[in-house]
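# Reading the structure
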Amino acid sequence: MVILGIETSCDETSSAVVKDGQLLSNVVSSQVDLHAVYGGVVPEIASRHHLKLIDAVVQTAFKKASIAVSDIDAIAVTSGPGLPSALLVGVAAARGMAASLKKPLYPIHHMEAHLYSPELKPEPFIALIVSGGHTMLLHVQKFGDHQLLGQTVDDAAGEAFDKAARLLGLPYPGGPQIEKEAKNGNPAAYPFPRPMLDSPDWNFSFSGLKTAIRREVQGRTITPKDMADLCASFQQAVTDVLIGKSIAAAKKLRARQIAISGGVAFNNYIREQFESRCARENLHVSFAQKSLCTDNAGMIALLAEQKIKNGYTAPGEWDIQPDWVLAK
Ligand code: KG4
Ligand code: ZN
């Protein structure tokens, strides 16, 4: 089965081709530079650029996969959650192609695609999704059967990186910048809080960390050493909370594996820390491969294929769902 995937939920225009579980191409055109000047994603700019790029991105996905348009069996597209005007561009393109090629069209949940993007052992797992818009901890009993344990009550983990970077005068997106600066810093230099690490629920809160950074930098000149130490200490605080909560959930629910996905899972320091702490606890940890961490259509097409194998049929009438909830 050959599936074309399309993703335009935020600021990446992406298209991918999957054949029998293999990713043949995964083209991502990021608009990050366009939004950087505004310090975050501007919805209208995002949708205008999706519209401009979608055709070329889809054509490139076919070309890189050495697949002809007539070879595809199905189309999968992100239908939510995301920015409404951005989602509409991908969905309109996918609808047009599906109608003209007379192929089934499968709407896909963006967060569900993140959730299943790591390679997993066939056993229950704890999933941690950490992106710019979400921080979610889930218990997955088996494919398609997931229960939300907790999520952020304020900023998402990626958003915390972006806001901390902004306070430190670093460009958007902040995650990669903070990771880079932190390499030369001391993670114990600043005793930043570990919000909700020991709370009885599985929720997260990152906005207090932002306040802690603001208090630290107010009215002060930041030397390169300060910058490195601030970034390393901030990154350590976020890492400790993510790891602490995930491992506690795995222990409580007797899951032996933890799967981590989303843009923040790109971070090498977080990956290494998770690996060493999970090894100590005898837990298997699996990260989405880096090309599947930030937003991409590969994860959309891969999930569609798995869902089709599990009986998902193309629905008749449907619309974009900008606030589509993954699990309650
Ligand atoms: O999954 P994603 O591409 O988009 C959403 O669906 O939100 O995630 C983007 C987020 C941004 O907040 C960005 O700062 C963060 O992922 N991010 C990182 C790193 N690379 C991207 N955070 C920490 N370390 C990184 N290396
Ligand atoms: Zn995402």
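First, a word on scope: everything that follows refers to the structure included in this document.

What counts and what doesn't
- Residues numbered from 1 in each chain as written.
- Chains lettered and ligands numbered in written order.
- Predicted model: local features only at pLDDT ≥ 70, side-chain atom pairs only at ≥ 80, totals over all residues.
- Heavy atoms only, no water.
- Helix = DSSP H or I, 4+ residues; strand = E, 2+ residues; numbered from the N terminus.
- Salt bridge = Lys/Arg side-chain N within 4 Å of Asp/Glu carboxyl O.
- Buried < 20%, exposed > 50% of the residue type's maximum accessible area, 1.4 Å probe, protein only.
- Core = buried A, V, L, I, M, F, W, Y, C linked by side-chain atoms within 4.5 Å.
- Contact = heavy atoms within 4.5 Å.
- Bend = angle between axes of the 7 residues up to and from the residue.
- Disulfide = S-S within 2.5 Å.
- Axes fitted to C-alpha atoms, helices over the stretch in contact; angles between N-to-C directions.
- Left-handed = near helix turned anticlockwise from the far one by under 90°.
- Nonpolar A, V, L, I, M, F, W, Y, C, P; charged D, E, K, R; others polar.

## Notes on unusual backbone geometry
Geometrically, the link from Gly80 to Pro81 is a cis peptide bond, its omega value of -15 degrees lying close to zero. By the element assignment, Pro81 lies in the loop between strand S4 (74-80) and helix H3 (84-101). Put simply, Tyr172 and Pro173 share a cis peptide bond, and its omega is -5 degrees. Even without being a glycine, Met196 presents a positive backbone phi close to 60 degrees. Here Met196 shows up in the loop between helix H6 (174-182) and helix H7 (207-217). The phi angle at Arg254 is positive, at roughly 55 degrees, despite the residue not being glycine.

## With respect to the pattern of salt bridges
Under the defined criterion, the tally for this structure stands at 12 salt bridges. Ionic pairing is found between Lys163 and Glu159, a salt bridge with its closest N-O pair at 3.1 Å. Placement of both Lys163 and Glu159 in helix H5 (residues 157-167) is noted, with a separation of four residues, approximately one turn of the helix. The exposure class assigned to Lys163 is partly exposed, which follows from its relative accessible area of 29%. For Glu159, a relative accessible area of 24% corresponds to the partly exposed category. Residue Arg220 pairs with Glu216 through a salt bridge whose shortest N-O separation is 3.5 Å. Looking at Arg220, the relative accessible area reads 28%, which means it is partly exposed. With relative accessibility at 30%, the residue Glu216 sits in the partly exposed group.

## Some remarks on the nonpolar core
Core analysis: the biggest nonpolar cluster contains 50 residues, and Phe192, Phe206, Phe234, Leu242, Ile258, Ile260 and Phe274 have the highest contact counts within it. By residue number, the principal contributor to this core is helix H8 (residues 224-252), which donates 13 residues. If sequence neighbours within four positions are ignored, Phe192 has contacts with Leu209, Ala212, Ile213, Glu216, Leu230, Ser233, Phe234 and Ala237. By size, the runner-up hydrophobic cluster in this structure holds 26 residues, among which are Ala74, Tyr116, Ala127 and Ile129.

## Observations regarding helix H2 (residues 43-65)
The sharpest bend along H2 reaches about 45 degrees and sits at Leu53. Turning to H2, its buried residues are Ala46, Ser47, His49, His50, Ile54, Val57, Val58, Ala61, Phe62 and Ala65. Ser66, located one to two residues past H2, shows a positive phi value of around 50 degrees.

## So, the state of the cysteines
Should the sulfur atoms of two cysteines be covalently bonded, the bond is a disulfide. Taken as a whole and judged by the stated rule, the model has zero disulfides. Cysteine Cys10 shares no disulfide, and the gap to the nearest cysteine sulfur, in Cys293, comes to 16 Å. The class of Cys10 is partly exposed, set by a relative accessible area of 23%.

## Observations regarding the packing of H6 against H8
Two elements in contact, H6 and H8, have axes separated by 7 Å at closest approach and are oriented at 115 degrees. The crossing of H6 and H8 is left-handed. Facing H6, whose interface residues are Ile178, Glu179, Glu181 and Ala182, H8 presents Met227, Ala228, Cys231, Ala232, Phe234 and Gln235. Split by residue class, the contact of H6 with H8 holds seven nonpolar, one polar and two charged.

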